[in-house]
Amino acid sequence: MDPETAVSNAVTVQLALKVIALTLDLTAYLFPKQCDVNDDDTFDFIIIGAGSAGSVIANRLSEIEHFKVLIIEAGGDPPLEVMYPGLSSYTYHSRLDWNITSQYDGTTAQCRKDKVIPQFSGRVLGGSSSINCMYYVRGNPYDYNRWAQLVNDETWKWENVLPYFIKSERMLDKDVLKSATGKLHGRHGEIGITRSIDNNTRRFLRSLKEDGIPVTMDYNANKTLGYSDVFFTIADGYRQSTGYRFLGLARNRPNLYILKNTVATKILFNDDKRAYAVEVVTENKIKKVTLKATKEIIVSAGALKSPQLLMLSGIGPKDHLRTLNIDVIANLPVGKNLQDHLAIPILHTLQKNKKKSFPKPFNPHVYPYSNIVGFVALNKSQSYPDYESTINIIDDGAKDLLQLYSFVYQYSDNVSDSIYNYAKESTVIETLITDLHPKSRGEILLRSVNPFDHPLVYTGYLSEEEDLDNTIRYIEDYLRLTHTSYFKKNNAQMINIVGNMCKGFKFGSKDYWTCYIQCTLNNMTHYSGTCALGSVVDSRLLVRGVKGLRVTDTSIMPYIVSGNTNAPTMMLGEKVSDFIKEVHGALK
Ligand SMILES: Cc1cc2nc3c(=O)[nH]c(=O)nc-3n(C[C@H](O)[C@H](O)[C@H](O)COP(=O)(O)OP(=O)(O)OC[C@H]3O[C@@H](n4cnc5c(N)ncnc54)[C@H](O)[C@@H]3O)c2cc1C
């Protein structure tokens, strides 16, 4: 198969899924029904964005019967490809994704078709938790203690945020529950968590352990270092998106109102700088209305879109707003401090098992591939990881890999072809190496005053030299694993995915890795930091310089966490709900 066919096949399946969703609406019964609104309708709370944070907040606030809560979401109900973990690769570049790309920076993305990187983010109930890879990772105590120190507020320390992780969680893995760290897990929360274990992962981890590489069962407890099976937000065969779980479970509450397929275009302030209303454009841009909030407005539109909405509403860097003739209500560094985790793919082929194997039948309820995750510190006395290795063991997956690299990530045909040709003959170990604490910062700017234009995303990837140096050290450290018995026994060979691109450099030299990284660099889509705690919002997540307005989503993370960002964002939703209930006399 060639990359063009792989892309065309993926688009055809997407179209078929779209037709099924639009004609049969099979999942609608799981979600709250659309409400009807008119100009000046009034609620106690308006939440903008039903993603990882927003859906949690809508659920927790609507537990209080006398709170009238409205949540506004640009997307609609999650269709089958969201619900079934095995179909998730069909959500990208579709109506379920905002289809934003990075701005061309002249250095990174050298092996992409358009030399830019997709900035996937969900436009659907559940937001990015509806299209993400479902890894459940809380991060390290170091992350939250660092935030607490920054804002001088103990409530952000690990021991004080841990109860909020536990609150949302329904741990279903009996071994984890029985283990010494079992008490650090929730049993009754909304989000079901399972581990994926199979023969591949058992063999891999056993072998690492025998070779003296740290292996752990529970990277979601107080100690996170080591290689491990992956915890997933998958239960009973279904993706545990916040849309499905937090909004779905609250769908019959009479005090919870939802506006789907509706875009919030501006927040309005009175003379006292109190946020009192939201302008929205409802389905198919048919109706524009202003909706009022008597208590608070909470922005949870994600780290790319929350800064856009704030800036359109007059909250942001004054120089930038003035160039677009936007009246400045609060001069704050909104959109600055953009952070993301990069992912550098390293692929190895393994000798195929000589026994004839038959392809397994496709099961949409399970996550494809065997997965391992490693959290590694180079300095062995350090308690938090420097890098994460996300490892997929892929048997008979040549077509899947081709689809992933050519259609999803949009790598050039050379890269995709080369992976496909190697994968046809072998099992592939695909590892993504992620520097967990990048120093580089990017920025979100407005493209125009039109709320339907995407913001400009200047990623800033590798703009700090130190990040490149560290990434090379982490790749070299990971490659030590290839000297362990698992890789040796299987005659592992690294795939030259960059083809001739880096042929002028000696393999393994700094120049070689620089070229390799600039060609292959991918992102984990963990955008964060653009409405940061301590600079844009205070330690109660209230926007500085105005009243009645909070931001709660990945944008408030002042430093990105040491892992994937979905669980930490749900934790933020839990935590801010208690802040809000406390202020309004409803905290039990
Ligand atoms: C492809 C992908 C894979 C990932 N894999 C993982 C993973 O395996 N594990 C993990 O922990 N994390 C993962 N992440 C990251 C994680 O899912 C996100 O960091 C997290 O979901 C972000 O939550 P949020 O609440 O900040 O934003 P989102 O969940 O993106 O929610 C924002 C919501 O606001 C809506 N919205 C935006 N603007 C407006 C507007 N103006 N009006 C109305 N609605 C609006 C959006 O449509 C969206 O629903 C992944 C992310 C992506 C995109």
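The model shown is predicted, which means the values in this text are computed figures rather than measured ones.

Caption draft 1: Quick look at the UniProt feature "binding site: FAD" (unreviewed entry) in the chain. UniProt records the feature "binding site: FAD" (unreviewed entry) for V124 in the present numbering. Take V124: it is sitting in the loop between α3 (80-83) and α4 (141-151). Judged by its relative accessible area of 0%, V124 is buried. When neighbours within four sequence positions are excluded, V124 is seen to be in contact with A50, E73, G75, G76, D77, P78, L96 and S130.

Caption draft 2: Structural view of the packing of helix α2 (residues 54-62) against helix α8 (residues 242-249). Running from amino to carboxyl end, α2 crosses α8 at an angle of 15 degrees, the nearest separation of the two axes being 8 Å. When the axis of α2 is compared with that of α8, the two are roughly parallel. The hand of the α2/α8 crossing is left-handed. Residues S55, V56, A58, N59 and R60 of α2 lie in contact with α8, whose contacting residues are T242, G243, F246 and L247. Across the contact of α2 with α8, the residue classes tally to 4 nonpolar, 4 polar and 1 charged.

Caption draft 3: Spatial organisation of the state of the cysteines. Applying the stated criterion across every chain yields a total of 2 disulfides. Put simply, C111 and C519 are joined by a disulfide, and their sulfur atoms are 1.8 Å apart. In this structure the cystine formed by C111 and C519 twists about its S-S bond by roughly -110 degrees; its chirality is therefore left-handed. Taken together, the positions of C111 in the loop between α3 and α4 and C519 in helix α15 (residues 510-520) put the pair 408 residues apart, joining distant regions of the chain. As far as burial versus exposure is concerned, C111 and C519 are alike and both buried. With a sulfur-sulfur separation of 2.1 Å, C502 is cross-linked through a disulfide to C515. Negative torsions about the S-S bond denote left-handed disulfides, and the value of about -85 degrees found for C502 with C515 makes this one left-handed. Taken together, the positions of C502 in the loop between β20 (493-494) and α15 and C515 in helix α15 put the pair 13 residues apart, joining distant regions of the chain.

Caption draft 4: Seen up close, the site of the ligand. In the region of the ligand, 38 residues are neighbours, and S52, E73, S128, T565 and N566 sit closest. A distance of 3.1 Å separates a nitrogen atom of the ligand from a polar atom in the backbone of A74. Between the ligand and the protein, one listed contact pairs an oxygen atom with a side-chain N or O atom of N132 at 3.1 Å. Look at the ligand: alone it shows 1,000 Å² of surface, and the protein chains cover 96% of it. Split into classes, the residues belonging to the shell around the ligand amount to 15 nonpolar, 19 polar and 4 charged.

Caption draft 5: Spotlight on the pairing of strand β4 (residues 191-196). For strand β3 (residues 169-171) and β4, the ladder comprises 3 bridges, and the chain directions are parallel. Among the inter-strand pairings, E169 is bridged to a residue of β4, identified as I191.

Caption draft 6: Representation of the packing of helix α11 (residues 398-408) against helix α12 (residues 413-425) in the model. Interhelical geometry of α11 versus α12 gives an angle of 170 degrees and a closest axis separation of 8 Å. Comparing their axes, α12 and α11 come out roughly antiparallel. As for the relative orientation of α11 and α12, their crossing is right-handed in sense. Of α12, the residues touching α11 (which contributes A398, K399, L401, L402, Y405 and S406) are V415, S416, D417, I419, Y420, A423 and K424. Counted by class, the contact of α11 with α12 contains 8 nonpolar, 2 polar and 3 charged residues.

Caption draft 7: Local environment of the side chain of D340. Note that D340 resides in the loop between β13 (330-331) and β14 (342-350). A distance of 3.4 Å separates polar atoms of two side chains, one belonging to D340 and the other to N523. A distance of 2.8 Å separates the side chain of D340 from the backbone nitrogen of H526, its partner in a polar contact. Leave out the neighbours within four places in its chain, and D340 touches P438, Y461, N523, M524, T525, H526, Y527 and I560.

Caption draft 8: Focus on the nonpolar core. Y227, Y478 and L549 are the most contacted members of the largest nonpolar core, which has 181 residues in total. Three or more residues apiece are contributed to this core by two domains, here domain 1 (3-133 + 239-339 + 526-584) and domain 2 (193-238 + 340-442 + 460-523).

Caption draft 9: View of the environment of Y369. Within the secondary structure layout, Y369 lies in the loop between β14 and β15 (370-376). Each C-alpha atom, one on Y369 and one on K288, is 45 Å from the other, the two residues being 81 residues apart in sequence.

Caption draft 10: How the structure looks around the pairing of strand β10 (residues 275-281). Counting buried positions along β10 yields 6 of 7 residues, so the element is predominantly enclosed. As paired elements, strand β9 (residues 263-269) and β10 share 6 bridges and run antiparallel to each other. Opposite I267, over in β10, you have V278 as the bridge partner. As defined by bridge partners, β10 adjoins strand β11 (residues 288-299) across 5 bridges and the pair is classed as antiparallel. Note that in β11 the partner of A277 across the bridge is K292. Counting the residues that bridge the hairpin from β10 to β11 gives 6 residues, and of these N284 lies at a positive phi of roughly 50 degrees.

Calculation notes
Residues numbered from 1 in each chain as written. Predicted model: local features only at pLDDT ≥ 70, side-chain atom pairs only at ≥ 80, totals over all residues. Heavy atoms only, no water. UniProt positions renumbered as here; feature names shortened; annotations may be inferred. Helix = DSSP H or I, 4+ residues; strand = E, 2+ residues; numbered from the N terminus. Buried < 20%, exposed > 50% of the residue type's maximum accessible area, 1.4 Å probe, protein only. Contact = heavy atoms within 4.5 Å. Axes fitted to C-alpha atoms, helices over the stretch in contact; angles between N-to-C directions. Parallel < 35°, antiparallel > 145°, perpendicular 65-115°, else oblique. Left-handed = near helix turned anticlockwise from the far one by under 90°. Nonpolar A, V, L, I, M, F, W, Y, C, P; charged D, E, K, R; others polar. Disulfide = S-S within 2.5 Å. Near = heavy atom within 4 Å. Polar contact = N/O pair within 3.5 Å; in protein donor to acceptor, adjacent residues only side chain to side chain. Areas by Shrake-Rupley, 256 points an atom, 1.4 Å probe, with all protein chains shown as cover. Pairing = 2+ DSSP bridges. Core = buried A, V, L, I, M, F, W, Y, C linked by side-chain atoms within 4.5 Å. Domains from an automatic or database assignment.

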